[in-house]
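Listed below are the residues making up each chain.
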Amino acid sequence: MAARMRAKSGRGKRPKAAVKPVGRRRGGQSAYQTVHDLLLRRQSIGVALWLAALLAVPWLVPLFPGLINLRDRFVEMFGLLVFGWIALTLYAGWLVVRGEQAKLWASWKPWAMGLLSGLFLAGLLGFLRPSWHLGDVALARHSIGGELGRRLAGSPLGVVAWLAAGIAAFALAAPEAAATAMREAPHVAQEVWGWRIPQRAGTGAKRAFEFIFPTHPAPKGSVKVPLDSVMWAQTAGAATLADEPAAAAPEEPVQGALFPELEPHPDEQADAPAIIVDADGTRRSRDGWQLPSMDVLADKAPPETGRPGSAVRAAVIEETLASFGVDAKVVQVNEGPTVTQFGIEPGWDVKTRTVVERDRDNKPLLDKEGRPKTHVEEVSRTRVRVQQITSLANDLALALAASSIRIEAPVPGKPVLGIEVPNTSSSLVTLRSVVQSPQFQKQSSRGKLAIALGQSVAGEAVAADLARMPHLLIAGTTGSGKSVCMNAIISCLLMHASPSEVRFVMIDPKRVELSAFAPIPHLAFSNIVVEMDQVVGTLQAVIHEMESRYRKFAALAVRNIDSYNRSPRAADKLPYWVVIIDELADLMMAAPFEVERQICRLAQLARATGIHLVVATQRPSVDVITGLIKANFPTRIAFAVSSQVDSRTILDMAGAEKLLGRGDMLYMAPDAAKPKRLQGVFVSDEEIERLVHFWTQERFSGIERPTFDHLLDVAKAELEQEGANDEMFERAKDLASEHSRVSTSLLQRRLRIGYPRAARLIDMLEAAGVIGPAEGGGSREVISPAGHHSEPEELQF
């Protein structure tokens, strides 16, 4: 029964029909669908790009006239660059056909380089307009670079854009070479500017104009007066004025009396140039003295070759710092004559951590290989400390194969650290190259005591005014360039000042360093002081001159030498005095107390009177450069020294022990917080001989040169009077009674006095009959130990 019911129910159901696919017809694909699929294939797009490139060829004639006009407008816009577009379109079609179209947008740099290079090339071709035809387009109406090139080359703004595009393209193509070029560009521009092409062209044009039209008036204050007439005015005119009564008007300079045009007006004297150049090129001072020509000095030294590239050494510095984990970058390079300074900008000390990437369920994400995905994120960022770079000085010297390097942290006025690396070959800095620089001319226009010091690490000339220092202390070991620096200072003053403007007082215990300047007419005294027993008297004579000038200032109610010389009530103008002491150590050993007292007194008071000190020593120890002396010499020059202690004695800081010698120095200006490294100027013996020969010619022999030897006589008389009443005489007699022989050195040690005073005491003891005469040795025999009981009148000197 149940089986019968199931059979009945099964017979009532029909089987389901099969599902047919949708979108397809029995007759195949439609024509529209076939064309649609064909156009969307990448091979079709590539072929279309090829056809577009072919239609852009200027000499092919398309089927449709509208395409001809479009192609001509395209050629007019880009000119010959249209072939670049054709090549780019063919290349793009080739990549599309091959299925490598992803290369077209893989990086932005090729597109940027191509666009900038195309703009630069269009601007370059925009300057050319030949009579060429590109199809139906005449390039003479536009340019070879098309209308785009014509607009770039036809306006100032377009030229700027053209140059900017070229520089940007070069920076993208070769970034390292572009960075090197940017660093070297200031030095190249400075070198080209040093050629002074506009000034020379202007001077040549001016001379040519004055030669053709000689009606140009002579410069104010410059008159062509024969030198023989000037010398006659100084000699004969002075004798005439000497015969006039004393009650006459105050004595005026003879040149101003006989030649008023040579004497500037008191109101105009301050603004008058220090040196007057005549029409024939002769250099003269304000008072009419002829000055040496620049041909006396040697010309600029030839530049040294064979130095390693600065870019290579900059890369070594960056790599060395990076190897020690210090992020820094060289942002500035200054090449000097002796060293090259690399400006280092500290980078960042970045701390990071590795983080595992997770999904929303905080489960780690896995890569294809089943490992967790990670990324690095920054935790903190701090600046690299200066100490991290300065502590690597020895490692940098090793990497650069340098004997020693000096790190200036920071460079004054710049946010960088300066690493000074010695050059493999140093350049010679001549005195003429610094004297002719704008820096020296600026200092020379302000005063009469401008001196040339040298060149900085950036190759810039450095000059200073001795009147503003106002005293200079020079120290350095033997052979470091100390004596050459003093010769350069003297030579520079001789080049720009006459004997009526500057006088020298030279003290040379070595006897040979300053002997070349003995014949010059600028000496205040007749000879250079070389005897040790004359040093104290010479300094005392300078002090007398200082006190005499202060009395003159008080009589006219003026404050300094400049005001006195400008005053119309002044009887005569006062020259500046420059006291040159070549070796301070010898003076301090001979008479430490007297010399220190006199030098400190001059340094404290002599500035206003126009007396300035230049003191040099090769033993920079505390017993030579005492605290009092150093306190009164704010301007100092340190050459190479042997230890850091000596450097601190001179400059109150380290650094001089790392100098290279041969003129390499640190210059501490009075208004500077840190010393400045310079390469001092070099003056050869031949230049000094030519300079001295100029001032010792026979044409100057007829000029009466006043000297101040009477001050030496006055100072000597005072010292002898002080010695006759010396309170040390009784102690010297007591000391003689305790010994059988007495010497000058014994009195110096036991009585703690200087050599001149001890020598006077020896003479007094001999006059009193206490000791015998000199026997040729260093000591003398004590004749009467009880001689100190004699009557006082028998001990008179």
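Rules and cut-offs
Residues numbered from 1 in each chain as written. Predicted model: local features only at pLDDT ≥ 70, side-chain atom pairs only at ≥ 80, totals over all residues. Heavy atoms only, no water. Core = buried A, V, L, I, M, F, W, Y, C linked by side-chain atoms within 4.5 Å. Buried < 20%, exposed > 50% of the residue type's maximum accessible area, 1.4 Å probe, protein only. Contact = heavy atoms within 4.5 Å. pLDDT = per-residue confidence, 0-100. Helix = DSSP H or I, 4+ residues; strand = E, 2+ residues; numbered from the N terminus. Pairing = 2+ DSSP bridges. Arc of directions from axis to C-beta.

Is there a simple way to think about the nonpolar core in this case?
Buried together is how nonpolar side chains tend to be arranged in soluble globular proteins. Within the largest apolar cluster, 67 residues are counted, with the highest numbers of intra-cluster contacts made by I474, F504 and M506. Once residues lying within four places of it in the same chain are set aside, the contact partners of F504 are I490, L493, L494, I520, H522, L523, A524, V578 and I580. Grouped together as the second largest cluster of nonpolar side chains are 46 residues, V505, I629, A638 and F708 included.

Can you help me understand the confidence of the model for the chain in this one?
Interpretation of this model should avoid reading the predicted coordinates in detail wherever pLDDT is low. The share of residues in the chain with pLDDT of 70 or more is 77%, and the mean pLDDT across the chain is 77. The model gives residues 216-272 a pLDDT under 50, and that stretch makes 61 contacts with residues more than four places away or in other chains.

Even after reading the chapter, I still don't get the pairing of strand β10 (residues 417-422), so can you show me in this structure?
It is a general feature of regular strands that their side chains alternate between the two faces of the sheet. With six of its six residues buried, β10 lies for the most part within the structure. Burial along β10 is two-sided: the residues L417, I419 and V421 and G418, E420 and P422 are all buried. Bridge count between strand β6 (residues 339-346) and β10: six bridges; the pairing is antiparallel. When the sheet's bridge partners are listed, F342 is paired in β10 with I419. As defined by bridge partners, strand β9 (residues 406-408) adjoins β10 across three bridges and the pair is classed as antiparallel. Looking at the pairing, E408 lines up with G418 of β10.

Would you explain helix α25 (residues 685-695) in this entry?
Because each turn of an α-helix spans 3.6 residues, side chains separated by three or four positions in sequence point in the same direction. The complete set of buried residues in α25 reads E687, I688, L691, V692, F694 and W695. Relative to the axis of α25, the buried residues are bounded by an arc of 155 degrees and lie together on one face. Exposed residues on α25 whose side chains face more than 90 degrees from its buried face are D685, E689 and H693. Against α18 (482-496) lie the buried residues of α25.

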